[in-house]
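Chains, contacts and geometry: an overview
Here are the chains, one letter per residue:
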Amino acid sequence: MKRRVFIVTGEASGDKHASGVVRELFNINPDVEIEAIGGENLRKTGIKLFCDHKDMSAVGLSPKVIINHFKIGKRLVDYLKNVFKPDVVLLVDYGAFNLQIAGHLRKAGIKTFYFIPPQIWASRKWRIKSMKKKVDKVLTIFPFEGKMYDDEGIDNVYVGHPLVKELPPAECRHEFFKRHGLDPNKKLVAVFPGSRMFEIKYLLKIFVGAVKIIEKARDDVQFVFSHANNLKDNAFKCDYKMIRGENHALLSVSDALILASGTVALEAALYKTPMVIAYKGPLFFYIVYLLVRSIKKACLVNIITGKDIVPEYLMYDAKPEKIADGILNLLNSEKARMLQRSGFDETISKLSQKHCVEEAAYVINKELTGEIKE
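Since this is a predicted model, take the numbers as computed values, not measurements.

Details of the packing of aromatic side chains
Across all of its chains, the model carries eleven aromatic pairs by this definition. An angle of 65 degrees between the planes, with centres 6.5 Å apart, marks the rings of F6 and Y79 as edge-to-face. Here F6, found in strand β1 (residues 4-8), pairs with Y79, found in helix α3 (residues 63-84); they are 73 residues apart in sequence, far enough to count as distant. Each member of the pair, F6 as well as Y79, carries the same accessibility label: buried. Both rings, one in F50 and one in Y79, keep their centres 5.2 Å apart while their planes meet at 40 degrees; by these two values the pair is tilted. Of this pair, F50 sits in strand β3 (residues 48-52) while Y79 sits in helix α3, placing them 29 residues apart in sequence. The same class applies to F50 as to Y79, namely buried. Through successive ring pairs, a cluster of aromatic residues spans F6, F50, Y79 and F84.

Here it is as structure tokens:
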């Protein structure tokens, strides 16, 4: 009898990571039957999609979004209980929806694994009680997560971080500069103002202000703003060169980076590109964040190393002058650059060289077949 796996993703990043797991799972167990909620990456693996995750990835808490999630969730649970009857359901990221689904699956006696679990270590620690009640096994991506789950008696395994193996190789600086008409004799500072419209609203003006200060201080620096792929063409305007759809190349060829806090900081660290990060949003969201946070650091490099490697300018500290000073320090001081790069080396070593999707596929297949990895 064929073993069955169902995968639930809710956004593009989860779809990408899950597609890698599917390919590896087919490599080691060609007979497994897999279906999913996913997007283009999972569709390309050839598996059947229950629905496209575009139906899941709406932002906000409008009545329409809530009702839509409820309808999809009910349909999904009914399908898994009565039709597909999977041996394992793999939940990928997308915590608000997936934790709710996990509870219904547990009641139905369906085994659930959680890959890329909610960042309980960062905020809302009480969610670990929910994980314990609803999830059978957690596939963690940070080395420090294991102890937290061990302390609660939750079965978990560290599979490594997907970015370690998924990140494209560094771009050729010469070719990149030539392709985009950049001056090879000038330093390049790349600016990433975010991938959400509210981030653009709160950060763009601040980042442009920092750029203008740096321009006045040094005439040998040029600037490029990254335009996130998911934003509309006219999402924002500025007087500097904008490049769309080449985030990884831009991260790898720059001399320094101004980043909105997020996963992009970890990507930059893997390319060993010096950076400062900043973040600002609505006051209400910031107050809520202060109430629920479990750690005071925001940059993943600083969290993983437990050190202040990358300067963080958050909320009212996110001022053009501070950001400009941070970048000028990196451009002017070899010591400052080397200190950051040593922190990046430590980050990379702590993340290990595990091939995340291979490890995840093995854990799932072991559950399906009981086989031991050789």
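Overview of a nonpolar patch on the surface
On the surface, a nonpolar cluster with roughly 300 Å² of combined accessible area is contributed by L283, I287 and Y316. Within the fold, I287 resides in helix α12 (residues 283-292). Its relative accessible area of 42% is what places I287 among the partly exposed residues.

Describing the packing of helix α11 (residues 263-270) against helix α15 (residues 334-351)
Contact geometry of α11 with α15 gives a least axis separation of 9 Å together with a crossing angle of 100 degrees. The angle between the axes of α11 and α15 places the two elements in the roughly perpendicular class. Contact residues: α11 offers L266, A269 and L270, while α15 offers F344, T347, I348 and L351. Broken down by class, the residue content of the contact of α11 with α15 amounts to six nonpolar, one polar and no charged.

Quick notes on unusual backbone geometry
Excluding glycine, residues mostly have negative phi values, and the peptide bonds linking residues are mostly trans. Unlike most non-glycine residues, D93 shows phi in positive territory, near 55 degrees. Summarising the element assignment, D93 is placed in the loop between β4 (88-92) and α4 (95-107). Within the chain, M315 stands out as a residue other than glycine whose phi angle is a positive 55 degrees. For M315, the position within the fold is in the loop between β13 (312-314) and α14 (320-332).

As for helix α5 (residues 127-134)
Listing the buried residues of α5 in full gives R127, I128, S130, M131 and K134. The buried residues of α5 occupy an angular sector of 155 degrees when the element is viewed end-on, so they sit on one face. Along its buried surface, α5 packs onto α4, β5 (112-115), β6 (137-140) and α6 (145-151).

A closer look at the sheet that holds β4
Strand order in this open sheet of seven strands is β3-β2-β1-β4-β5-β6-β7, and the pairing throughout is parallel. Two strands in the sheet have a free side with no partner beyond their single neighbour: β3 and β7 (156-158). The mean angle between the axes of side-by-side strands here comes to 15 degrees, regardless of whether they run parallel or antiparallel. Across four bridges, the pairing between β1 and β4 is parallel.

Some details on the nonpolar core
F6, F115, L259 and M275 are the most contacted members of the largest nonpolar core, which has 97 residues in total. A total of eight residues in this core trace back to one element, the largest contributor, which is helix α16 (residues 356-369). Setting aside anything within four residues of it in sequence, one finds M275 in contact with L257, L259, A265, A268, A269, V310, P311, L330, Q340 and F344. Counting residues in hydrophobic clusters, the runner-up holds 34 residues, among them L203, L204, A256 and A336.

Thoughts on the environment of E199
Turning to its location among the elements, E199 is positioned in helix α9 (residues 197-217). Taking C-alpha positions, E199 is 34 Å from E35, a pair spaced 164 residues apart along the chain. Among the polar contacts listed, one links the side chain of E199 to the side chain of Y279, at a separation of 2.5 Å.

A few points about the sheet that holds strand β9 (residues 221-227)
One open sheet accounts for six strands, arranged β10-β9-β8-β11-β12-β13; its pairing is parallel. Two strands close off the open sheet at either side, each with one partner strand: β10 (241-244) and β13. Going from strand to strand, the sheet's axes swing by 20 degrees on average, the running direction of each strand aside. Judged from the four bridges that link them, strand β11 (residues 256-260) and strand β12 (residues 275-279) form a sheet pairing that is parallel.

Here is what the cut-offs are and how they apply
Residues numbered from 1 in each chain as written. Predicted model: local features only at pLDDT ≥ 70, side-chain atom pairs only at ≥ 80, totals over all residues. Heavy atoms only, no water. Phe/Tyr/Trp six-rings, centres within 6.5 Å; stacked < 30°, edge-to-face > 60°. Helix = DSSP H or I, 4+ residues; strand = E, 2+ residues; numbered from the N terminus. Buried < 20%, exposed > 50% of the residue type's maximum accessible area, 1.4 Å probe, protein only. Patch = residues over 30% accessible without salt bridge, like charges linked within 9 Å, V, L, I, M, F, W, Y side chains within 5 Å. Areas by Shrake-Rupley, 256 points an atom, 1.4 Å probe, with all protein chains shown as cover. Salt bridge = Lys/Arg side-chain N within 4 Å of Asp/Glu carboxyl O. Axes fitted to C-alpha atoms, helices over the stretch in contact; angles between N-to-C directions. Parallel < 35°, antiparallel > 145°, perpendicular 65-115°, else oblique. Contact = heavy atoms within 4.5 Å. Nonpolar A, V, L, I, M, F, W, Y, C, P; charged D, E, K, R; others polar. Arc of directions from axis to C-beta. Pairing = 2+ DSSP bridges. Core = buried A, V, L, I, M, F, W, Y, C linked by side-chain atoms within 4.5 Å. Polar contact = N/O pair within 3.5 Å; in protein donor to acceptor, adjacent residues only side chain to side chain.

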